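# Residue-level structure breakdown
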Amino acid sequence: MPHDFLVTGPEDAKINIVLAHGAGGAMDTTWMETMSAALSDKGLRIVRFEFDYMAARRFSGKRAPPPRAEVLKHEFEAVIDELGLEETIVIAGKSMGGRVASMIADDIRDARKISGLLCLGYPFHPIGKPESLRTAHLEEMKTPSLICQGTRDLFGSREEVSSYKLSDKIEILWLEDGDHDFRPRKAVSGITVVDQVATVATHVVRWAAALH
């Protein structure tokens, strides 16, 4: 089915980021709004969309869980074709959205549809199940990728991720004392979530510029 999009940033931007939401939050949550604004203020064009199961919640009011990854992968691919963007394209996602994007990145980059992958809080494993890794495809990743991750993320902390085998195409930006939403403990770090988002936006711009 056709998708609704939320677009922020200049129409003539050289870099477009197609951003998917996480498993439980829609495309217009405060987190998605804040991150999109920070990125678009840096001159990037951010295109947000919702997977069908999330869009359906707006009408039914029922919080149905996400479908299996295979369904979401095909849907993300369809969104790229639907948009028909011509400038540099980066597929991106918050948590689950980033994982889905990572699962299709190499294939659609081979088809010359995208240039890079951005994951905002990657779910390396389910909470409390560090043995159930979601990293097999990341070991051989060929697409230039940036993962922005809080150092104390329960889905994959800095200590845990440092032991994983990951492709050398993957760069990780560590956000000091950040959780899965990049929120730090103010009493410990003195850093605010606004600081973290600004750090992400600045780094993403520099990283994306090298994709041209």
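What counts as what
- Each residue is numbered by its place in its chain's sequence as written, counting from 1.
- Given that the model is predicted, a residue must reach a pLDDT of at least 70 before its local features are reported, and side-chain atom pairs must reach 80 or more before they are shown or counted; all residues, however, enter totals for whole chains, interfaces and linings.
- Note that the side-chain values use all heavy atoms of the structure and ignore hydrogens as well as water.
- Remark: nonpolar core denotes a set of buried residues (Ala, Val, Leu, Ile, Met, Phe, Trp, Tyr, Cys) joined through side-chain atoms within 4.5 Å.
- Burial classes: relative accessible area under 20% of the type maximum marks a residue as buried, over 50% as exposed, and values in between as partly exposed (1.4 Å probe, protein chains only).
- The helix and strand labels rest on DSSP assignments: H or I over at least four residues marks a helix, E over at least two residues marks a strand, and numbering proceeds from the N terminus.
- Throughout, a residue-residue contact means that at least one pair of heavy atoms, one from each residue, lies within 4.5 Å.
- Salt bridges are defined by distance alone: a side-chain nitrogen of Lys or Arg within 4 Å of a carboxyl oxygen of Asp or Glu.
- All axes are obtained by fitting lines to C-alpha atoms, using only the stretch in contact for helices, and the reported angles, taken between N-to-C directions, cover 0 to 180 degrees.
- Roughly parallel means an angle under 35 degrees; roughly antiparallel, over 145; roughly perpendicular, 65 to 115; everything else is oblique.
- When the near helix sits turned anticlockwise from the far one by under a right angle, the crossing is termed left-handed; a clockwise turn instead gives a right-handed crossing.
- Here the aromatic set is Phe, Tyr and Trp, taking the six-membered ring for Trp, and pairing holds for ring centres within 6.5 Å; pairs whose planes are under 30 degrees apart are stacked, those over 60 apart are edge-to-face, and all others are tilted.
- For a lysine, the NZ atom is tested; for an arginine, the CZ atom; a charge sits over a ring if that atom is within 6 Å of the ring centre and within 35 degrees of the ring normal.

It is worth spelling out the nonpolar core at this point. Ranked by size, the top nonpolar core spans 31 residues in total, and within it Val18, Phe49, Phe51, Phe76, Ile91, Leu117 and Phe124 carry the most contacts. Of all the elements in the fold, those that place two or more residues in this core are β2 (15-20), α2 (52-60), α3 (69-83), β4 (88-94), α4 (96-110), β5 (116-120) and β7 (170-175). With 6 residues, α4 is the single largest residue contributor to this core. Once residues lying within four places of it in the same chain are set aside, the contact partners of Phe124 are Ser132, Leu133, Arg134, Thr135, Leu138, Ile147, Gln149, Phe155, Gly156, Val161, Tyr164 and Leu166. Counting 26 residues, the second largest nonpolar core, distinct from the first, contains Ile15, Leu19, Met35 and Phe182.

What follows concerns the pattern of salt bridges. Tallied over the entire structure, the rule returns 11 salt bridges. Close ionic contact of Arg58 with Asp28 constitutes a salt bridge, the shortest N to O distance being 3.0 Å. Of this pair, Arg58 sits in helix α2 while Asp28 is found in the loop between β2 and α1 (30-40), placing the two residues 30 residues apart along the sequence. Residue classification places Arg58 among the partly exposed positions, given a relative accessible area of 46%. Across the pair Arg185 and Asp177 runs a salt bridge, and its minimum N-O distance is 2.5 Å. Residues participating in the shared-partner salt-bridge network are Lys94, Asp179, Asp181 and Arg183.

Turning next to the packing of α1 against helix α7 (residues 193-209). Interhelical geometry of α1 versus α7 gives an angle of 45 degrees and a closest axis separation of 9 Å. Viewed along their axes, α1 and α7 adopt a mutual orientation that is oblique. For the pair α1 and α7, the crossing hand works out as right-handed. Where α1 abuts α7, its residues Thr34, Met35, Ala38 and Leu39 lie against Val197, Val200, Ala201 and Val204.

So, about the packing of aromatic side chains. One pass over the structure, following the stated rule, counts 6 aromatic pairs. Measuring from centroid to centroid gives 5.0 Å for Phe49 and Phe76, while their planes differ by 70 degrees, and the two rings are edge-to-face. Here Phe49 is found in strand β3 (residues 45-49), whereas its partner Phe76 is found in helix α3, with 27 residues between them in sequence. Taken together, Phe49, Phe51 and Phe76 form an aromatic cluster joined through their ring pairs. Across the ring face of Trp31, the terminal group of Lys94 is positioned such that the distance to the ring centre comes to 4.7 Å.

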